[in-house]
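Geometric and topological summary
So you can see what is in the structure, the chains are spelled out below.
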Amino acid sequence: MPIEFDFAFLLPFALALLATGAVAGTLAGLLGVGGGIVIVPILYLLFPAFGVPEAVRMHLAVGTSLATIVPTGLVSAQSHWKRGGVDIDLLKRLGPWVVLGVAIGIVIGTRAGGDTLKIVFAAVALLVAVHMGIGREGWTVAKSLPSWPGRALIGGWIGGFSVVMGIGGGTLGVPTLSAFNVPIRRAVGTAAALGPVIALPGVIGFVISGFGHPDLPPFSLGYANLLAFAVIVPATIAFAPLGAKLAHTIPPKLLRRLFALFLFVTACRMGWAALDGMI
C-alpha cells in the first residue's frame, strides 16, 4: 500500500534529508569524492524510519542519489572546465564506452533485486575503502590507457558500476584514471565531466522502471524521491565549500583513513543485510 506521511513525519524527514545533503556536500569538498557514495547508504539507512518498505528501499536510494548528481555534477563539471581540468581527448576516447557501460548498468540495476544492488554497492565500496585506506599515492598499473579493448572495459567499469551504485564518475573514475598514469587534476576534472553523463540517463532509467510502484513514498517519481532531491541538492552545494575549507586544516591522510573506515563499516553492514535477506 502507498505510504502516507502526515506533517508530523514530513518535518523530521526533511530535516534528516537536509543533514544527509550537508554530510555529502562536506565530504565531497573535503575528500574530492562524489556525494553519491555517501547519499546512497545514508538514504538506505534513513528510509526504514519513515516506513519505506525493503522491496523498494535500495532502488529508491540509488535512483534518488543519481537525481541529485545531475545538477551537482553539472556544477562540478563546469567548474573543472573553466579551470582547464577536463581532458577533451581523454573524454572522447573513454566517453562512448562509459555510455555503453551506463546502458548496461541501467538494465541490470533496474531489473536486479534490492539484495543484488546491496551486494554490488558493498563489494565496490570495500574496494574504494581499501584504496583510500592503504593505497599508495602515485601508484600506477600502466604508463597510459590501453588500446580500445582495454579502454572499453575501463569505460564500461566506470559507467556500469556507477549507475548500479547510484554514484557519479569521481568515485571510480579518479582512482581508475590515476592508476593509468593520468595526472590527478586531469583525472578529477575528466571524471567530474563524466558525472552528468552517468547520472542523467541513469535516473531516467530508474524513474521509468519504478513508475507507479505501489510501495513508493509520497513525492516519488519512479525510483527517485523529489522531496529528497529538492532538499539534498541545495544542502550539498552549500556545504561543499565548507568541506574544501576544512581540507586545509585537517591532515589529508587522516581524513582518507576515517572515510575509508566509514565506507568499510557501511559496506559490511549493507553486505550483511543483503546476505541476511537471501538466507
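The following refers to the structure shown. Predicted model, so just to flag it, every value in this text is computed and none were measured.

On a plain count of helices and strands, the protein comes out with 10 helices and 0 strands. Seen in sequence order, the protein has helices and strands lined up from the N terminus as α-α-α-α-α-α-α-α-α-α. A principal-axis box enclosing the C-alpha atoms of the protein has dimensions of 55 × 40 × 35 Å. Counting all 279 residues of the protein, 51% fall into the buried class. Across the protein, every contact between residues at least 6 apart in sequence was considered, and the portion connecting residues at least 24 apart equals 80%. Summing over all exposed atoms, the protein offers an accessible surface of approximately 13,100 Å²; the carbon and sulfur share of this is 71%. One finds the centroid of the 17 positive side-chain charges in the protein at a distance of 19 Å from the centroid of its 9 negative side-chain charges.

What follows is about helix H7 (residues 170–179). Most of H7 sits inside the fold, with 8 of its 10 residues counted as buried. The complete set of buried residues in H7 reads Thr171, Leu172, Gly173, Val174, Thr176, Leu177, Ser178 and Ala179. Positioned one or two residues after H7, asparagine 181 has a phi angle of 70°, which is positive.

Right, let's talk about a nonpolar patch on the surface for a bit. Nonpolar side chains collect at one region of the surface, where Leu100, Ile104, Val107 and Ile108 lie side by side and expose about 340 Å² of accessible area between them. Within the element layout of this structure, leucine 100 appears in helix H4 (residues 88–111).

Inspection of the entire model under this criterion finds 5 salt bridges. The partner of arginine 57 in a salt bridge is glutamate 54, with the nearest N and O atoms 2.8 Å apart. Separated by 3 residues within a single helix, arginine 57 and glutamate 54 lie in helix H3 (residues 54–82), roughly one turn from each other. The partner of lysine 118 in a salt bridge is glutamate 54, with the nearest N and O atoms 2.3 Å apart. You can see lysine 118 sitting in helix H5 (residues 114–134) and its partner glutamate 54 sitting in helix H3, a full 64 residues away along the chain. Among the residues examined, glutamate 54 registers a relative accessible area of 34% and is labelled partly exposed. When salt bridges that share partners are traced, they join Glu54, Arg57, Asp115 and Lys118 into one network.

A few words on the packing of aromatic side chains. In this structure the tally under the stated criterion is 1 aromatic pair. Ring centres of tryptophan 157 and phenylalanine 161 lie 5.0 Å apart, and the angle between their planes is 50°; on these two criteria the pair is classed as tilted. With tryptophan 157 and phenylalanine 161 both in helix H6 (residues 148–165) and 4 residues apart, the pair spans about one turn of that helix. Assessed through its relative accessible area of 26%, tryptophan 157 is described here as partly exposed. Judged by its relative accessible area of 33%, phenylalanine 161 is partly exposed. Over the face of the ring belonging to tyrosine 44 we find arginine 57, whose NZ or CZ atom lies 5.7 Å from the ring centre.

To continue, consider the packing of H7 against helix H8 (residues 184–210). Closest axis-to-axis distance for the H7/H8 pair is 9 Å, and the angle between their directions is 145°. As for how H7 packs across H8, the hand of that crossing is right-handed. Each of Gly170, Gly173, Val174, Leu177 and Ser178 in H7 lies in contact with H8, whose residues at this interface are Ile184, Ala187, Val188, Thr190 and Ala191. Among the residues making up the contact of H7 with H8, the classes are represented as 6 nonpolar, 4 polar and no charged.

Not every positive phi belongs to a glycine, and asparagine 181 is a case in point at roughly 70°. Inspection of the secondary structure puts asparagine 181 in the loop between H7 and H8. A positive phi angle, close to 70°, is found at phenylalanine 219, a residue other than glycine. Looking at the element boundaries, phenylalanine 219 is found in the loop between H8 and helix H9 (226–246). Under the relative-accessibility criterion, phenylalanine 219 is labelled partly exposed at 45%.

A separate point is the side chain of serine 178. Within the element layout of this structure, serine 178 appears in helix H7. Within the structure, serine 178 has its side chain in polar contact with the backbone oxygen of valine 174 (distance 2.8 Å). When near neighbours in sequence (up to four residues on either side) are disregarded, serine 178 contacts Trp139, Thr140, Ile184 and Ala187.

So, about the packing of H3 against H9. It is the contact of H3 with H9, at a shortest axis distance of 9 Å, that shows an interaxial angle of 45°. Overall, the two elements H3 and H9 adopt an arrangement that is oblique. Every pair of crossing elements has a handedness; the one defined by H3 and H9 is right-handed. The residues of H9 that touch H3, namely those facing Thr64, Ala67, Thr68, Pro71 and Thr72, are Ala228, Phe229, Ile232, Val233, Thr236 and Ile237. Among the residues making up the contact of H3 with H9, the classes are represented as 7 nonpolar, 4 polar and no charged.

Thresholds, definitions, all that
- Per chain, residues are indexed from 1 in the order of the written sequence.
- At least 70 in pLDDT is required for a residue's local features to be given in this predicted model, at least 80 for side-chain atom pairs to be given and counted, and no such filter applies to totals for whole chains, interfaces and linings, which use all residues.
- Side-chain measures were taken over the full set of non-hydrogen atoms in the model, leaving aside hydrogen atoms and water.
- Starting at the N terminus, helices and strands are each numbered in turn, a helix being any DSSP run of H or I of at least four residues and a strand any DSSP run of E of at least two.
- Burial classes: relative accessible area under 20% of the type maximum marks a residue as buried, over 50% as exposed, and values in between as partly exposed (1.4 Å probe, protein chains only).
- Two residues qualify as a contact provided that any one of their heavy atoms is within 4.5 Å of a heavy atom in the partner residue.
- Values of accessible area rely on a 1.4 Å probe in the Shrake-Rupley scheme; residue burial ignores everything except the protein chains shown.
- A residue counts as positive if it is Lys or Arg and as negative if it is Asp or Glu; His and the chain ends are not included.
- A single reference atom marks each charge: NZ on Lys, CZ on Arg, CG on Asp, CD on Glu.
- Surface patches are drawn from residues lacking salt bridges whose relative accessible area is over 30%; two like charges belong together within 9 Å, two nonpolar side chains (Val, Leu, Ile, Met, Phe, Trp, Tyr) within 5 Å.
- Should a side-chain nitrogen of Lys or Arg be within 4 Å of a carboxyl oxygen of Asp or Glu, the pair is scored as a salt bridge.
- Working definition: rings of Phe, Tyr and Trp (its six-membered ring) pair if their centres are within 6.5 Å, and the pair is stacked with planes under 30 degrees apart, edge-to-face with planes over 60 apart, and tilted otherwise.
- Cation placement over rings: the criterion is NZ of Lys or CZ of Arg within 6 Å of the ring centroid and within 35° of the ring normal.
- Note on geometry: axes are lines fitted to C-alpha atoms, helical ones only across the stretch in contact, with angles between N-to-C directions running from 0 to 180 degrees.
- Definitions for this section: a left-handed crossing has its near helix turned counterclockwise from the far helix by less than a right angle. A right-handed crossing has that turn clockwise.
- Each residue is assigned to one class: nonpolar for Ala, Val, Leu, Ile, Met, Phe, Trp, Tyr, Cys and Pro, charged for Asp, Glu, Lys and Arg, and polar for all the others, Gly among them.
- Here a polar contact means two N or O atoms within 3.5 Å. Within protein one must be a hydrogen donor candidate and the other an acceptor candidate, and residues neighboring in sequence count only if both atoms are side-chain atoms.
- For this classification, under 35 degrees means roughly parallel, over 145 means roughly antiparallel, 65 to 115 means roughly perpendicular, and everything else is oblique.

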